[in-house]
Amino acid sequence: MNANDTTQHFLQQAFEILGVDEDMRRMLTTPSRELRVELVIRRDDGSIGNFIGYRVQHDDSRGPFKGGLRYHPHVDIHEVRSLASLMTWKTAVVGVPFGGAKGGIQVDPREVSPRELERLTRTFVRQVHDLVGPERDIPAPDVNTNAQVMAWFFDEYTRLHGFAPGVVTGKPIGLHGSPGRSAATGRGCVFAIRETLRESGADLKDQRFVIQGFGNVGSWSARLLHARGAKILAVSGSKGGIFAGDGLDIPAVLEHYDSHGTVLGFPGAEAISNEDLLVADCDVLMPAALGSVITARNANDVKAKYVVEAANGPVTAEADEILEQRGVTIVPDIYANAGGVTVSYFEWVQNLQNFRWDETRVNEELDKIMTEAHRKIRDIKRAHDISMRKAAFVLAIREVKLATETRGIQ
Ligand code: NAD
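Residues numbered from 1 in each chain as written. Predicted model: local features only at pLDDT ≥ 70, side-chain atom pairs only at ≥ 80, totals over all residues. Heavy atoms only, no water.

Asks: How would you sum up the overall build of the protein? Please name residues and give values.
Replies: Across its full length, the protein carries 14 helices and 12 strands. A compact globule built from 410 residues would reach a C-alpha radius of gyration of about 22 Å, and the protein, at 20 Å, matches this within 12%. Considering only C-alpha atoms, the protein reaches an extent of 55 × 55 × 40 Å along its principal axes. Here the protein holds 410 residues, and 58% of them are scored as buried. Within the protein, residue pairs in contact and separated by at least 24 positions form 66% of the contacts whose partners lie at least 6 positions apart. Summed over all atoms, the accessible surface of the protein reaches about 16700 Å², with 47% contributed by carbon and sulfur. (Helix = DSSP H or I, 4+ residues; strand = E, 2+ residues; numbered from the N terminus. Rg over C-alpha atoms; globule rule 2.2 N^0.38 Å. Buried < 20%, exposed > 50% of the residue type's maximum accessible area, 1.4 Å probe, protein only. Contact = heavy atoms within 4.5 Å. Areas by Shrake-Rupley, 256 points an atom, 1.4 Å probe, with all protein chains shown as cover.)

Asks: Describe the nonpolar core, and please don't skip the residues or the numbers.
Replies: By size, the foremost hydrophobic cluster in this structure holds 78 residues, and its most contacted members are W89, V93, F209, L225, V235 and Y335. If one sorts the elements of this core by residue count, helix 14 (residues 388-407) sits on top with nine residues. No fewer than three residues from each of domain 1 (31-166) and domain 2 (184-331) sit in this core. Excluding its chain neighbours within four sequence positions, the residues that come into contact with F209 are I193, L204, L225, A230, K231, I232, L233, A234, V284 and M286. Residues Y71, F124, V125 and V132 belong to the second largest nonpolar core, which totals 24 residues. (Core = buried A, V, L, I, M, F, W, Y, C linked by side-chain atoms within 4.5 Å. Domains from an automatic or database assignment.)

Asks: Please set out unusual backbone geometry residue by residue, giving values where relevant.
Replies: Positive phi values are uncommon outside glycine, yet N144 reaches one of about 65°. Relative to the helices and strands, N144 resides in the loop between strand 5 (137-141) and helix 5 (147-161). Positive phi, close to 70°, is recorded for H176, a residue that is not glycine. With respect to the element layout, H176 can be found in the loop between helix 5 and helix 6 (181-198).

Asks: Report on the sheet that holds strand 2 (residues 48-59), specifying residues and quantitative values.
Replies: Sheet strands pair by backbone hydrogen bonding; their relative direction is either parallel or antiparallel. As summarised here, the arrangement of the five strands in space is 1-2-4-3-5, forming an open sheet in which the pairing is mixed. Strands at the two margins of the open sheet, each flanked by one partner only, are strand 1 (33-42) and strand 5. The sheet shows a mean angle of 20° between the axes of neighbouring strands, taken without regard to direction. Two elements, strand 2 and strand 4 (residues 100-106), share six bridges in a ladder whose sense is antiparallel. (Pairing = 2+ DSSP bridges. Axes fitted to C-alpha atoms, helices over the stretch in contact; angles between N-to-C directions.)

Asks: Which residues make up the packing of aromatic side chains, and what are the values?
Replies: As enumerated under the stated definition, the model contains eight aromatic pairs in all. Pairing F98 with Y345 gives two aromatic rings, centres 5.8 Å apart and planes at 90°, and the pair type is edge-to-face. Of this pair, F98 sits in the loop between helix 3 (77-93) and strand 4 while Y345 sits in helix 12 (residues 339-353); the two residues are 247 residues apart in sequence, bridging distant segments of the chain. Given the relative accessible area of 0%, F98 is considered buried. Y345 gets classed as partly exposed once you look at its relative accessible area, which sits at 21%. Measuring from ring centre to ring centre gives 6.4 Å for Y345 and W348, while their planes differ by 35°; the resulting arrangement is tilted. (Phe/Tyr/Trp six-rings, centres within 6.5 Å; stacked < 30°, edge-to-face > 60°.)

Asks: Describe the site of the ligand, with residues and values.
Replies: Around the ligand sit 22 residues, and of these R70, D142, T185, F214 and N312 come closest. Backbone polar atom of N216 to an oxygen atom of the ligand: 2.9 Å apart, as the coordinates give it. Contact with the protein chains covers 82% of the free accessible surface of the ligand, which is 830 Å². Those elements that place two or more of their residues in the shell around the ligand are helix 6 and helix 7 (216-227). Tallied by class, residues from the shell around the ligand come to eight nonpolar, 11 polar and three charged. Looking at which domains feed residues into the shell around the ligand, each of domain 1 (31-166) and domain 2 (184-331) supplies at least three. (Near = heavy atom within 4 Å. Polar contact = N/O pair within 3.5 Å; in protein donor to acceptor, adjacent residues only side chain to side chain. Nonpolar A, V, L, I, M, F, W, Y, C, P; charged D, E, K, R; others polar.)

Asks: Which residues make up the packing of helix 3 against helix 14, and what values do they have?
Replies: Remark: helix 3 packs on helix 14, axes separated minimally by 8 Å, with the N-to-C direction vectors making an angle of 90°. Classified by the angle their axes make, helix 3 and helix 14 are roughly perpendicular. For the pair formed by helix 3 and helix 14, the contact residues are L86, T88, W89, A92 and V93 on the first element and A392, F393, L395, A396, I397, E399 and V400 on the second. Classifying every residue of the contact of helix 3 with helix 14 by side-chain character gives 10 nonpolar, one polar and one charged. (Parallel < 35°, antiparallel > 145°, perpendicular 65-115°, else oblique.)

As structure tokens, then:
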């Protein structure tokens, strides 16, 4: 089952609960537009680099298409299609007025120089510029893309269409970015697990966390959870992780990461493989790296009581069933990591208004939205006696279906 099949599986479960008919199911699952582009750049050594990029626009019934841009060697149409669809449901869960899209370039960023990465990004913009824009489709950072990549995107688009900072979000603070955007996805994950724990009277500070990934989402989640008194037992990067039974000193791990570019070798911690990390003894497991890491193979060995999907699609459909049967609560990606797109929405609003919010306002508004979305998911979950994932999809489908029907079909 590929990533797209997994998303389809979750959607079909929610369609059943809602009694959505076949025609509407087909409409809601078929992407609106799929674009595959060739990206030709001159490499630094004079040779020709040839790469493939994608942009999938899934649905815009609730607002302009919105979704990240990923640079990774495994990017393919199935993955981008699945991630674009997830964005449609994610924006609906948190009620921000966007649709869903995703893009990617099949490239290993470690094998291109920063200058080549810039040329690749600008070439991609020239290939897709007619289909994106502040009122059409608004990309954002994802795996291996950051504020700098968004700055190049904004600059290239602006050369072609005139000043338009709202064409991408996740821009640098000094270039029309929003305060709080880089921390937003991690912060949103913290609000999501805080609200989920509250249902059983539990508190963040009494939980032991294991986090896979120490990039934007993983490191911010670790930092904010640690600041709230939670214990972080393990974190990792692509080459493995570090573990400390008594909890890691996260500010010190961040310093180590900044000076060494890896968490590995952090003094006083044991090394742990990414496979062992996922099944380590803890209360909350937070996969914050790539998709499909919890599968039928390891789902029975997961010790955590809660799995917070900070990454997109980290739990496969088979693993989802196993974990649900075992009573593990999954905080689904379309809710858990929606903090990023929520603050992207705030950034876009600020860009359109040419008005800057301060970080306190951004964080408070994010808290309100994540708390409110949790309340809606919880009410649906209780009314139908279903999992959080099913309830989140029911909520999202209801919203998108309503917008689609209200706009009308000719
Ligand atoms: P990032 O590039 O900043 O970090 C990715 C992390 O994953 C790095 O620590 C990297 O070392 C690690 N990693 C890569 N391959 C790995 C492997 N095989 N095993 C273990 N770890 C590995 O990316 P990010 O922005 O933090 O995104 C992480 C996840 O969160 C992705 O699934 C992304 O789609 C999702 N997400 C990100 C945002 C956002 O705002 N950045 C928003 C919503 C969802």
